[in-house]
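# Topology and contacts: notes
Residue-level listing of the chains:
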Amino acid sequence: MTASQSQTNGAYRTAMVSSHVRLCREHYRLTLQLRDMDHSKPGQFVHISPALLEKEQIGDCRLTTMDYRQPFLRRAFSIADHRQVSDGWECDVLYRVVGTGTRWMEKLGKGDAVSVLGPLGNHFPIDTKKKNAWMVAGGVGLPPMMYLAKSLAKADRDVIGFFGAQSADLLALALDGDDKPDTLAQHAVLADKNFAQSNVAIVVSTDDGSCGFPGHIGSALQAYHQNNPVANDELVVYTCGPEVMMRFVAGFCRERGIDCYVCMERSMACGIGTCQSCVVPIHDQDDEQGWRYQLCCTEGPVFSEKDISWDFPS
Amino acid sequence: MAKPSTENTQVDLSVDLAGLKLANPVMTASGTSGYGPEFAEHADISELGAFVTKAVSPEPRKGNPPERTVETKGGMLNAIGLANVGLERFVSEKVSFWKNRSTPVIVNVVGHSVEDFQTVCSRLDDVECIAGLELNVSCPNVADGLEFGTDPNRLKGLVESVRPLVKRAKLIVKLSPNVTDIAETARGAVDGGADVLSIINTVQGMAINVDTWKPMLANRTGGLSGPAIKPIAVCMVQRVYRAVARDANVPIIGMGGICDWRDAVEFFLAGATAIAVGTALFVDPKIPMKICDDLKTYVANRGLTSIREVIGQLK
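Residues numbered from 1 in each chain as written. Chains lettered and ligands numbered in written order. Predicted model: local features only at pLDDT ≥ 70, side-chain atom pairs only at ≥ 80, totals over all residues. Heavy atoms only, no water.

## As for the overall build of chain B
Each helix and strand in chain B was counted, giving 9 helices and 14 strands. Taking 315 residues into account, the globule formula puts the C-alpha radius of gyration at 20 Å, and chain B, at 18 Å, falls close to it. Seen through its principal axes, chain B has C-alpha atoms that stretch 55 × 50 × 40 Å. Burial status across chain B gives 61% buried among its 315 residues. Taking as baseline every contact in chain B between residues at least 6 positions apart, the subset at least 24 positions apart corresponds to 71%. Carbon and sulfur atoms provide 49% of the accessible area of chain B, an area that totals close to 11900 Å². Of note, chain B has its 33 positive side-chain charges centred 2 Å away from the centre of its 35 negative side-chain charges. (Helix = DSSP H or I, 4+ residues; strand = E, 2+ residues; numbered from the N terminus. Rg over C-alpha atoms; globule rule 2.2 N^0.38 Å. Buried < 20%, exposed > 50% of the residue type's maximum accessible area, 1.4 Å probe, protein only. Contact = heavy atoms within 4.5 Å. Areas by Shrake-Rupley, 256 points an atom, 1.4 Å probe, with all protein chains shown as cover. Lys, Arg positive; Asp, Glu negative; His and termini not counted. Charge placed at Lys NZ, Arg CZ, Asp CG, Glu CD.)

Put into structure tokens, the structure is as follows:
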């Protein structure tokens with residue numbers, strides 16, 4: 001099974017901010033209300049920007065003027081949840097303030113208009129032959145896993161979440177229950193109330209040891225796997241986060257023959273395959289040099305670990 | 001503004017690009033809308049005046065490693081590196097999309113040498129559904145691409161060498177803004193036999209990451225596009241129009257940061273016969289259609305009947 005092909009074409013819509021909350025020191029959840037975005041799958045993303053096109057009254061006529069604001073280009077965010085509500089649909093995105101685009105997002109308040117293109121890209125394949133599904137995320141790689149957990153739970157998979165961050169105050173989780181993440185990463189616990197709703201137990205790691213396993217999430221994955229062996233052909237791993245982390249997780253899976261799907265992050269201008277910004281190197285036996293570029297926006301963002309040419313270009 | 005004396009529906013937006021008839025003067029700019037099918041998923045190609053493909057070179061090109069683009073204040077830098085499928089795959093896989101379409105397609109052509117340009121132009125001139133060939137002599141991303149576009153004599157020589165091979169399609173030359181006087185390179189292109197001039201390509205630029213002290217683009221430098229370059233582009237269109245193109249009767253396709261009808265009108269006034277939308281398509285591919293609608297209203301509100309009455313009317 002390969003990462004699924006893009007099945008739907010995104011549409012350009014105006015959405016309304018319905019809530020905007022801080023989840024931890026640097027992460028926020030923006031909830032967008034959309035009248036008609038009625039489908040999406042975990043792994044897909046939305047491409048958002050300020051609503052730049054405005055109607056200007058010229059004499060008796062209304063003309064479209066493009067207001068210039070930063071950011072000018074759209075910004076891509078994984079869908080963290082997408083659900084039907086009484087008067088349409090709601091879509092959650094999580095973000096961390098890192099640049100011009102996210103500084104604009106930080107200022108958004110309830111009722112503000114946002115231009116949304118999406119859903120875009122392919123999605124995580126759900127392999128119904130494999131009973132166990134492990135999700136491994138670091139930092140802002142968490143959002144697609146929030147959405148994926150629900151789909152995996154519906155598909156009756158046994159799901160474990162492995163979530164890492166630099167420190168406890170950078171974990172965008174809801175760890176307010178009695179169960180605390182295991183510091184040895186030998187057991188997964190229902191420590192996050194949102195994931196617990198999908199019956200997803202989690203393993204947490206922090207670089208500074210302030211929550212869960214001290215170290216990076218790849219080491220926590222190894223520790224858990226050692227203590228809880230699962231037949232490799234009955235396990236699928238999904239990962240999203242910093243590339244160095246995904247590379248480690250991919251290597252862990254490759255060594256054991258475990259299927260692994262990675263959700264790549266690339267900066268992109270268009271999101272629809274025209275600007276050619278968001279390239280990912282892919283193995284290609286037909287190519288003289290053995291690799292070619294694919295586009296993260298239309299041919300990803302989810303790739304099979306086996307397809308990615310991890311060593312080029314670093 | 002005066003009350004409309006003309007109904008929008010009666011406004012004539014058609015223009016003539018050296019014999020190539022366009023139903024309206026709003027095109028896409030090369031490299032911003034793929035080969036066609038990608039764009040067609042998000043906007044109606046039949047509503048465009050013309051479509052310009054991404055560059056085609058004799059051999060396939062993978063392009064530059066990422067980062068390939070970065071947003072800057074007022075626009076973006078790109079150093080895609082002319083990634084494309086190459087001439088043979090373009091002909092075998094991409095051309096069929098354009099058969100039996102009413103919208104003219106113009107193919108952007110790039111090469112490392114005179115022979116490269118000749119190979120691509122000669123092959124594509126035989127493909128009947130291709131209405132025009134736009135020579136990309138000005139892309140600042142590939143070191144050897146810059147020279148044709150910055151030296152009037154070399155540019156003239158290149159156009160002269162391609163001209164006899166382009167018998168059917170319109171021969172368009174896209175000029176670089178990275179020169180001291182664009183009228184000189186425009187003169188070189190016109191003397192070499194260009195039918196139409198595209199003005200302007202991206203402006204060479206650079207952005208540096210202040211944390212890592214490295215360039216933001218893997219290619220170090222790139223081409224600046226978007227609203228930031230519009231005044232440069234308008235200035236260069238009027239310069240070429242007045243110094244070369246008007247007297248030589250060579251139409252200009254104006255481009256550089258066009259986002260709405262007001263931007264477009266500036267280019268028409270400066271002397272452009274048609275305009276192309278580029279970077280703004282990344283925000284919304286339907287911007288050309290909105291510009292068309294609004295141009296009709298503008299022309300009607302001015303008490304005119306045709307967009308042609310606006311061209312070159314800068315006072």
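## Topic: the overall build of chain A
For chain A, the helix and strand inventory stands at 5 helices and 18 strands. Computed over its C-alpha atoms, the radius of gyration of chain A comes to 20 Å, within 12% of the 20 Å expected for a compact globule of 314 residues. For the C-alpha atoms alone, the extent of chain A along its principal axes is close to 75 × 55 × 35 Å. Taken over 314 residues, chain A has a buried fraction of 58%.

## Structural notes on the sheet that holds strand β2 (residues 27–34) of chain A
Residue and element names in this part refer to chain A. One open sheet accounts for 7 strands, arranged β6-β3-β9-β1-β2-β8-β7; its pairing is antiparallel. If you trace the sheet from one side to the other, it starts and ends with β6 (75–78) and β7 (81–85), each paired once. On average, each strand axis in the sheet is inclined to that of its neighbour by 35°, with strand direction left out of account. In terms of strand pairing, β7 meets strand β8 (residues 88–96) through 5 bridges, oriented antiparallel. For Arg-83, the partnering residue across the bridge sits in β8 and is Glu-90. Taken strand by strand, helix α2 (residues 142–154) contacts β6, β7 and β8, and its axis lies near 55° from that of β7. (Pairing = 2+ DSSP bridges. Axes fitted to C-alpha atoms, helices over the stretch in contact; angles between N-to-C directions.)

## Brief notes about helix α9 (residues 287–301) of chain B
Residue and element names in this part refer to chain B. The end-to-end C-alpha distance of α9, which contains 15 residues, comes to 21 Å, matching closely the 21 Å that a straight helix rising 1.5 Å per residue would cover. Here α9 has its buried residues at Ile-287, Pro-288, Met-289, Ile-291, Cys-292, Asp-294, Leu-295, Thr-297, Tyr-298, Val-299, Ala-300 and Asn-301. Following α9 by one or two positions, Gly-303 adopts a phi angle in the positive range, close to 75°. (Expected span 1.5 Å × (residues − 1).)

## Quick word on the environment of Val-140 of chain A
All names here are of chain A. Tracing the backbone shows Val-140 in the loop between β10 (132–138) and α2. Classification of Val-140 as partly exposed rests on a relative accessible area of 37%. Placed 113 residues apart in sequence, Val-140 and His-27 show a C-alpha to C-alpha distance of 8.1 Å. Apart from residues no more than four positions distant in its own chain, Val-140 is found in contact with His-27 and Arg-96.

## Some thoughts on the interface of chain B and chain A
How large an interface is tends to be reported as the accessible area lost when its parts come together. Residue-level contacts link 44 residues of chain B with 39 residues of chain A. Summed over both partners, the interface of chain B with chain A buries about 3400 Å², with 59% contributed by carbon and sulfur atoms. Three residues stand out in chain B for area buried against chain A, namely Lys-62, Glu-71 and Val-283 of chain B, and they jointly supply 22% of the buried area on that side. For the interface between chain B and chain A, the tally reads 2 salt bridges. When the shortest N-O distance is used, the salt bridge between Glu-71 of chain B and Arg-75 of chain A registers 2.8 Å. Viewed at the interface, chain A and chain B are joined by 13 residue pairs in polar contact (both at pLDDT 80 or more). Per-element tally for the side of chain B that touches chain A: the top contributor is α9 of chain B, with 5 residues. (Buried area = accessible area lost by both parts, 1.4 Å probe. Salt bridge = Lys/Arg side-chain N within 4 Å of Asp/Glu carboxyl O. Polar contact = N/O pair within 3.5 Å; in protein donor to acceptor, adjacent residues only side chain to side chain.)

## Looking at helix α6 (residues 182–192) of chain B
Residue and element names in this part refer to chain B. Burial analysis of α6 places 8 of its 11 residues in the buried class, the great majority of the element. Along α6, the positions that sit buried rather than exposed are Ile-182, Ala-183, Thr-185, Ala-186, Gly-188, Ala-189, Val-190 and Gly-192. Two to three positions downstream of the cap, the backbone nitrogen of Ala-183 sits 3.0 Å from a side-chain oxygen, assigning the N-cap of α6 to Asp-181. Looking one or two places after α6, you find Gly-193, whose phi comes out positive at around 115°.

## Some thoughts on the pairing of strand β16 (residues 279–283) of chain A
Successive side chains on a regular strand alternate, one facing one side of the sheet and the next facing the other. All names here are of chain A. For β16, the buried fraction is high: 4 of the 5 residues fall into the buried class. Sheet analysis places β16 next to strand β17 (residues 291–295), joined by 5 bridges and oriented antiparallel. Bridged to Pro-281 within β17 is Tyr-293.

## Examining the confidence of the model for chain A
Residue and element names in this part refer to chain A. Here chain A averages 91 in pLDDT, while 96% of its residues score no lower than 70. Predicted confidence in chain A is weakest over strand β4 (residues 53–58), with a mean pLDDT of 78, and strongest over strand β18 (residues 302–304), with 98. Scored below 50 in pLDDT, residues 1–8 makes 23 contacts in the model with residues more than four places away or belonging to other chains. (pLDDT = per-residue confidence, 0-100.)

## Section: the nonpolar core
Counting 164 residues, the largest nonpolar core has Met-27, Phe-90, Leu-124, Leu-135, Val-173, Leu-197 and Ile-199 of chain B as the members making the most contacts within it. The residues contacting Leu-135 of chain B, other than those within four sequence positions of it, are Val-109, Phe-117, Cys-121, Leu-158, Val-159, Val-162, Leu-171, Ile-172, Val-173 and Lys-174 of chain B. Val-189, Phe-195, Cys-240 and Tyr-261 of chain A belong to the second largest nonpolar core, which has 33 residues in total. (Core = buried A, V, L, I, M, F, W, Y, C linked by side-chain atoms within 4.5 Å.)

## A closer look at the pattern of salt bridges
Residues and elements named next belong to chain A. This structure, assessed with the given rule, holds 27 salt bridges over all chains. Salt-bridge contacts for Lys-150 lead to Asp-81; the nearest nitrogen and oxygen are separated by 3.1 Å. Of this pair, Lys-150 sits in helix α2 while Asp-81 sits in strand β7; the two residues are 69 residues apart in sequence, bridging distant segments of the chain. Judged by relative accessible area, Asp-81 falls into the buried class, the value being 9%.

## A short note on the environment of Pro-66 of chain B
Residue and element names in this part refer to chain B. Tracing the backbone shows Pro-66 in the loop between β4 (51–52) and β5 (69–72). With relative accessibility at 26%, the residue Pro-66 sits in the partly exposed group. Sequence separation between Pro-66 and Leu-217 is 151 residues; the distance between their C-alpha atoms is 7.2 Å.

## Quick word on the sheet that holds strand β10 (residues 196–199) of chain B
Pairing is parallel across the open sheet formed by 8 strands, whose spatial order is β3-β14-β13-β10-β9-β8-β7-β4 (chain B). Either end of the sheet is taken by a strand with one partner, and the two such strands are β3 (26–28) and β4 of chain B.

## A few points about the packing of aromatic side chains
Residues and elements named next belong to chain B. Applying the stated criterion across every chain, the model contains 16 aromatic pairs over all chains. Centre to centre, the rings of Trp-261 and Tyr-298 are 5.7 Å apart; their planes meet at 40°, and the pair counts as tilted. With Trp-261 in helix α8 (residues 261–270) and Tyr-298 in helix α9, the pair connects residues that are 37 residues apart, well separated along the chain. A network of ring pairs unites the aromatic residues Phe-39, Phe-51, Phe-97 and Trp-98 as a single cluster. (Phe/Tyr/Trp six-rings, centres within 6.5 Å; stacked < 30°, edge-to-face > 60°.)

## Describing the packing of helix α7 (residues 230–248) of chain B against α8 of chain B
Residue and element names in this part refer to chain B. Two numbers describe how α7 lies on α8: the axes approach to 8 Å, and their chain directions differ by 20°. When the axes of α7 and α8 are compared, the pair comes out roughly parallel. Taken as a pair, α7 and α8 cross one another with a handedness that is right-handed. Together, Lys-230, Ala-233, Val-234, Val-237, Gln-238 and Tyr-241 of α7 and Asp-263, Glu-266, Phe-267 and Ala-270 of α8 make up the contact between the two elements. Here the residues of the contact of α7 with α8 are counted per class, giving 6 nonpolar, 1 polar and 3 charged. (Parallel < 35°, antiparallel > 145°, perpendicular 65-115°, else oblique. Left-handed = near helix turned anticlockwise from the far one by under 90°. Nonpolar A, V, L, I, M, F, W, Y, C, P; charged D, E, K, R; others polar.)

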